[in-house]
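# Topology and contacts: notes
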Amino acid sequence: ADARNVVVSNLFDGLNRYNISNGRHLANLPTLIIHNVPLPSLFIKGSQLILCGSSCGYALIYSGNLNSILQVL
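So, a few notes on the structure that sits alongside this text.

The rules behind the values
- Residues numbered from 1 in each chain as written.
- Predicted model: local features only at pLDDT ≥ 70, side-chain atom pairs only at ≥ 80, totals over all residues.
- Heavy atoms only, no water.
- Pairing = 2+ DSSP bridges.
- Helix = DSSP H or I, 4+ residues; strand = E, 2+ residues; numbered from the N terminus.
- Axes fitted to C-alpha atoms, helices over the stretch in contact; angles between N-to-C directions.
- Buried < 20%, exposed > 50% of the residue type's maximum accessible area, 1.4 Å probe, protein only.

A few words now on the sheet that holds strand 2 (residues 14–19). Ordered by their spatial adjacency, three strands build an open sheet running 1-2-3, and the pairing between neighbours is antiparallel. Two strands close off the open sheet at either side, each with one partner strand: strand 1 (5–9) and strand 3 (25–30). Adjacent strand axes in the sheet meet at a mean angle of 20° when their direction is disregarded. As paired elements, strand 2 and strand 3 share five bridges and run antiparallel to each other. Across the sheet, the residue bridging to Leu15 is Leu29, located in strand 3.

Before going further, it helps to examine unusual backbone geometry. Positive phi is not limited to glycine here, since Lys45 has a value of about 55°. With respect to the element layout, Lys45 can be found in the loop between strand 4 (41–44) and strand 5 (49–53). One non-glycine residue, Ser47, adopts positive backbone phi at about 70°. With respect to the helices and strands, Ser47 occurs in the loop between strand 4 and strand 5.

Sheet analysis places strand 4 next to strand 5, joined by four bridges and oriented antiparallel. Its bridge partner lying in strand 5, Phe43 is registered against Ile50. Hairpin geometry of strand 4 and strand 5 is characterised by an intervening segment of four residues between the two adjacent antiparallel strands and by a positive phi of about 55° at Lys45.

What follows deals with the side chain of Ser54. Counting through the fold element by element, Ser54 comes out in the loop between strand 5 and strand 6 (59–63). Residue Ser54 is classed as buried on the basis of its relative accessible area of 13%.

To continue, consider the pairing of strand 6. Burial within strand 6 is extensive, with four of its five residues counted as buried. As judged from the five bridges shared by strand 5 and strand 6, these two strands associate in the antiparallel manner. Each residue of the ladder has a partner; that of Leu49, found in strand 6, is Ser63. The loop that links strand 5 with its antiparallel partner strand 6 comprises five residues; one of these, Gly57, has a positive phi angle of about 100°. In this sheet, strand 7 (residues 69–72) lies alongside strand 6 in antiparallel orientation, the contact comprising three bridges. Along strand 7, the bridge assignment pairs Tyr62 with Ile69. Linking two consecutive strands that pair antiparallel, namely strand 6 and strand 7, is a turn of five residues; a positive phi of about 65° is found at Leu66 within it.

Honestly, it's all geometry; don't read function into it.
And the structure:
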C-alpha cells in the first residue's frame, strides 16, 4: 500500500487496486493464476511502479495505474 491505495491479490484472476479512504475499486490487473496462492505486491519508485509476483514464479513490474506491464522478470 502507498498512502492512498492498496493492491491486493484477489485469488481468482490477479490483482485489484483500491482507494483506501473510500474503498473504491480503481483497477483490475488480470494475471494468469495456475496455483491459487496470494500474489505479493509492492509499490516501488515512489509509488510510480508496482512490483508483483505470480503463481508461476516470475515477477512483473506494472505502471502505477496498472494500465501496462513494463517488464517481466
